[in-house]
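So the chains spell out like this:
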Amino acid sequence: MTVFHFFNCAILTFGPHAVYYSATPLSEYDTLGTSVKAALVYLGTALVKLVCLATFLKVSENDSFDPYQELLKALIGFIDVAGLYFALTQLTHRNISQNHKFQAVGLGWAFADSVLHRLAPLWVGARGLEFTWDYILQGLEANANLVLSISLAALGSLMWLRKNKPKTLIPIIYACAGIVATMPSITSYLRRGLGWHFPEVVGFELFTSLVMAFTSWQLFAACQRPSS
């Protein structure tokens, strides 16, 4: 039963990435190489973030919310944006469209994040004798992160790759990208500052991911319309 629970949680955590790749045109255009490159960039970015966090952050003796430390975390979190910029603009890609490029980059980014942050806890915890909902919630959180990563990649594509976007949409694009990039700090505030429990935080992440996916989709569609 414990192994069965582990496999259920692992499929919930990593399965949507494979489903997204196979159910969209990404598989038809063979964008797996782009996703792998983006995953490697994510691992390099995560290493830089780890060094910065270990260098500039103090180890807190309690789990209370520290605004200064969280602000510093948010600033360090923008290293992810720099990594996405590199993945979208500097990596060599096959001759794929902008639509497929940002999806492949976001998918590889989200998959690497799930493997790095969730595989070990699943392997150690989900195989335990005592059943807990935490690992199912982690799987749902990974799904929210997948949507947020693709949304951030879409917004980054609009910021850095599309030149002829309407000027009225530029502040909205940057504001949405800032919200998605600071989601870890927002959820940390909900947990530590407001005392939200893990299910409530995951529900907030799922709701926010859907809102940001719809918003980025509308912005992308608006920027693709020919200017009058």
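Residues numbered from 1 in each chain as written. Predicted model: local features only at pLDDT ≥ 70, side-chain atom pairs only at ≥ 80, totals over all residues. Heavy atoms only, no water.

### Overview of the UniProt feature "transmembrane region" (unreviewed entry) in the protein
And step 1. Taking the numbering used here, the UniProt-annotated feature "transmembrane region" (unreviewed entry) corresponds to residues 39–59, 71–88, 168–190 and 202–223.
And step 2. Between the first and last C-alpha atoms of residues 71–88 the distance is 26 Å; the span itself is 94% helix and 0% strand. (UniProt positions renumbered as here; feature names shortened; annotations may be inferred. Helix = DSSP H or I, 4+ residues; strand = E, 2+ residues; numbered from the N terminus.)

### Focus: the environment of Leu 155
And step 1. Secondary-structure assignment places Leu 155 in helix H7 (residues 134–160).
And step 2. Expressed as a C-alpha distance, the spacing of Leu 155 and Ala 175, which sit 20 residues apart in the sequence, is 9.8 Å.

### Some words on helix H3 (residues 32–56)
At 3.6 residues per turn, the α-helix brings residues three or four places apart onto the same side.
And step 1. In a regular helix each residue adds 1.5 Å, so 25 residues correspond to 36 Å; H3 covers 36 Å between its end C-alpha atoms and thus fits that length.
And step 2. Every buried residue belonging to H3 is among Thr 34, Ser 35, Ala 38, Ala 39, Val 41, Tyr 42, Thr 45, Ala 46 and Cys 52, and all of these are buried.
And step 3. Contact partners of the buried residues in H3: helix H4 (67–77), helix H5 (79–89) and helix H6 (98–125). (Expected span 1.5 Å × (residues − 1). Buried < 20%, exposed > 50% of the residue type's maximum accessible area, 1.4 Å probe, protein only. Contact = heavy atoms within 4.5 Å.)

### Focus: the environment of Phe 78
And step 1. Among the structural elements, Phe 78 can be located in the loop between H4 and H5.
And step 2. Linking Phe 78 and Ala 154, residues 76 residues apart in sequence, is a C-alpha distance of 16 Å.
And step 3. Apart from the residues lying within four places of it in its own chain, the contact partners of Phe 78 are Ala 181 and Thr 182.

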